[in-house]
Amino acid sequence: MHEEALHSCLEVDIDMGVALEAMRVQFLWATGLLYAITTAGAIWFSVAQRRMYQEVEEKTTTMADFALWCDGFPQDAWDDAGGARASLEEEYLAFFRSAWGDSVLGVSIVWDLAVLQEEVNTALSDTMHLLDRTRLGGKTPAPPAQAESAGLVDDADPAAEQEKNTFFRWARLEFLDELWWPASPDRSSEEESAEAQSLVASLRGMKTAGSVFVVLRTERELQAALEVPLPRFRGQWEIQACHLECEPETVLWGGFRVTSRERIWRILRGIGVIALTIVMWGLCFYGPYA
């Protein structure tokens, strides 16, 4: 009787093992099918969203409908135009108006911020923070010491500069300012002036990215401008104009100097990182059950 019971248990274990193996295979196929369906669904959803965006874009008038992107300009620096940024913009503006007439309202030069990206972002962040705090505090903003010492703005009112402003209206929340905008260490006016002069000198030596956004008066004049070939800039630089479907807030200004080879390398590197992450994730979560 004992041997019969043991034999029956072995048969049950074998049958259960076969059933578990079949269930494992079915679960594997179901998981793969689920991944394939969700991947195809994500791709379909992306394509559908892109088409919907294009349809809405064609029916909607935005700032992108009045601007052309022109590339092929030399990489001039601020000081190359006689030390005045306006001179360089005026030269570009006169160049486009000579070909497209008075329909050109203005130009926006793309500057190469690769070297000074951090310094420019810091200066802009400090200025915007100051304006936000003074706006909520109801006081006239005092210009940063860097801008004042560099001679870019008029002298500030000492009384307004001494008044304490806070981003938060409630006094109990003023301490949160120190979490997001910690107080800078005390520095002398000479140090701030030297830092400001260094930043201004770096900005004056900053070169353009060789690209310009040209703003035209109407959409019809924009389409007409695309049909008019541009002459060579300064008699030697061939300029290409095209219409980009992008809004000012979506432009990546720091990416204009990225070459095609660098862009392809970054894309391949991103794909490799994602693939490696998926493999590691699969090994960690599914490896123990294989």
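Residues numbered from 1 in each chain as written. Predicted model: local features only at pLDDT ≥ 70, side-chain atom pairs only at ≥ 80, totals over all residues. Heavy atoms only, no water.

### Side note on the pattern of salt bridges
To be explicit about the condition: Salt bridges are identified by distance alone: a Lys or Arg side-chain nitrogen within 4 Å of an Asp or Glu carboxyl oxygen. Residue burial is assigned from relative accessible area. The probe radius is 1.4 Å, only protein chains are included, and a residue is buried under 20% of its type maximum, exposed over 50%, and partly exposed in between.
Counted according to the given criterion, the structure contains 3 salt bridges. The salt bridge involving arginine 217 is made with glutamate 221; its shortest N-O contact spans 3.1 Å. Classification of arginine 217 as partly exposed rests on a relative accessible area of 44%.

### Examining the pairing of strand β2 (residues 104-111)
Worth spelling out the cut-off: Helix numbering and strand numbering both begin at the N terminus, where a helix is a DSSP run of H or I of at least 4 residues and a strand a DSSP run of E of at least 2. When DSSP finds two or more bridges between two strands, those strands count as paired.
Along β2, 6 of the 8 residues are buried, which leaves the element largely enclosed by surrounding structure. Sheet topology places β2 next to strand β3 (residues 208-216); 6 bridges connect them, and they run antiparallel. Pairing of isoleucine 109 across the sheet is with valine 212, part of β3.

### A closer look at the packing of aromatic side chains
We count it as follows: The rule is short: rings of Phe, Tyr and Trp, with Trp giving its six-membered ring, pair when the centres are within 6.5 Å, and they are stacked under 30 degrees, edge-to-face over 60, tilted in between.
Throughout the structure, instances matching the rule amount to 9 aromatic pairs. Consider the rings of phenylalanine 73 and phenylalanine 95, whose centres lie 6.0 Å apart with planes at 85°: the pair is edge-to-face. Taken together, the residues phenylalanine 73 in the loop between β1 (67-71) and α2 (85-100) and phenylalanine 95 in helix α2 connect sequence positions 22 residues apart. Phenylalanine 95 carries the same exposure label as phenylalanine 73, and that label is buried.

### A few points about the side chain of serine 211
Condition: Polar contact is the term for a pair of N or O atoms within 3.5 Å; when the atoms are in protein, one must be able to donate a hydrogen and the other to accept it, and sequence-neighboring residues count only if both atoms are side-chain atoms.
Note on placement: serine 211 falls in strand β3. Overall, serine 211 belongs to the buried group, its relative accessible area being 2%. Of note is the side chain of serine 211, whose polar atom sits 2.8 Å from the side chain of aspartate 71.

### Structural notes on the nonpolar core
We apply this condition: We call a set of buried residues a nonpolar core when its members are Ala, Val, Leu, Ile, Met, Phe, Trp, Tyr or Cys and they connect through side-chain atoms within 4.5 Å of each other. By definition, residues are in contact when any of their heavy atoms lie within 4.5 Å.
Core analysis: the largest hydrophobic core is formed by 25 residues, its most contacted members being Phe73, Tyr92, Phe96, Trp100, Val212 and Val214. Where this core is concerned, the elements lending two or more residues are β1, α2, β2, β3 and α8 (219-226). Here this core gets 6 residues from one element, more than from any other, and that element is α2. Apart from the residues lying within four places of it in its own chain, the contact partners of tyrosine 92 are Phe73, Pro74, Asp76, Val107, Ile109, Thr208, Val212 and Phe233.

### Section: the sheet that holds β3
Going by this rule: Axes here mean lines fitted to C-alpha atoms, for a helix over just the part in contact, with angles spanning 0 to 180 degrees between N-to-C directions.
The strand order across the open sheet formed by 4 strands is β2-β3-β1-β4, and the pairing between neighbours is antiparallel. Each edge of the open sheet carries a strand with a single partner, namely β2 and β4 (240-242). Within this sheet the neighbouring strands show an average axis-to-axis angle of 25°, counted without direction. Along the sheet, α8 makes contact with β1, β3 and β4, crossing β1 at roughly 25°.

### Digging into the UniProt feature "transmembrane region" (unreviewed entry) in the protein
For clarity, the cut-off: UniProt positions are given in the numbering used here, feature names are shortened, and annotations may be inferred rather than shown by experiment.
The feature "transmembrane region" (unreviewed entry), as given by UniProt, occupies residues 27-47 and 267-289 in the numbering adopted here. Structurally, residues 27-47 is divided into 100% helix and 0% strand, and its ends, taken at the C-alpha atoms, are 30 Å apart.

### Focus on unusual backbone geometry
A positive phi angle, close to 55°, is found at arginine 234, a residue other than glycine. Here arginine 234 shows up in the loop between α8 and β4. The class for arginine 234 is partly exposed, based on a relative accessible area of 41%.

### Focus on the pairing of β3
The element β3 is extensively covered by neighbouring structure, given that 8 of its 9 residues are classed as buried. With 5 bridges joining them, β1 and β3 adopt antiparallel strand pairing. The residue of β3 that forms the bridge with cysteine 70 is valine 212.

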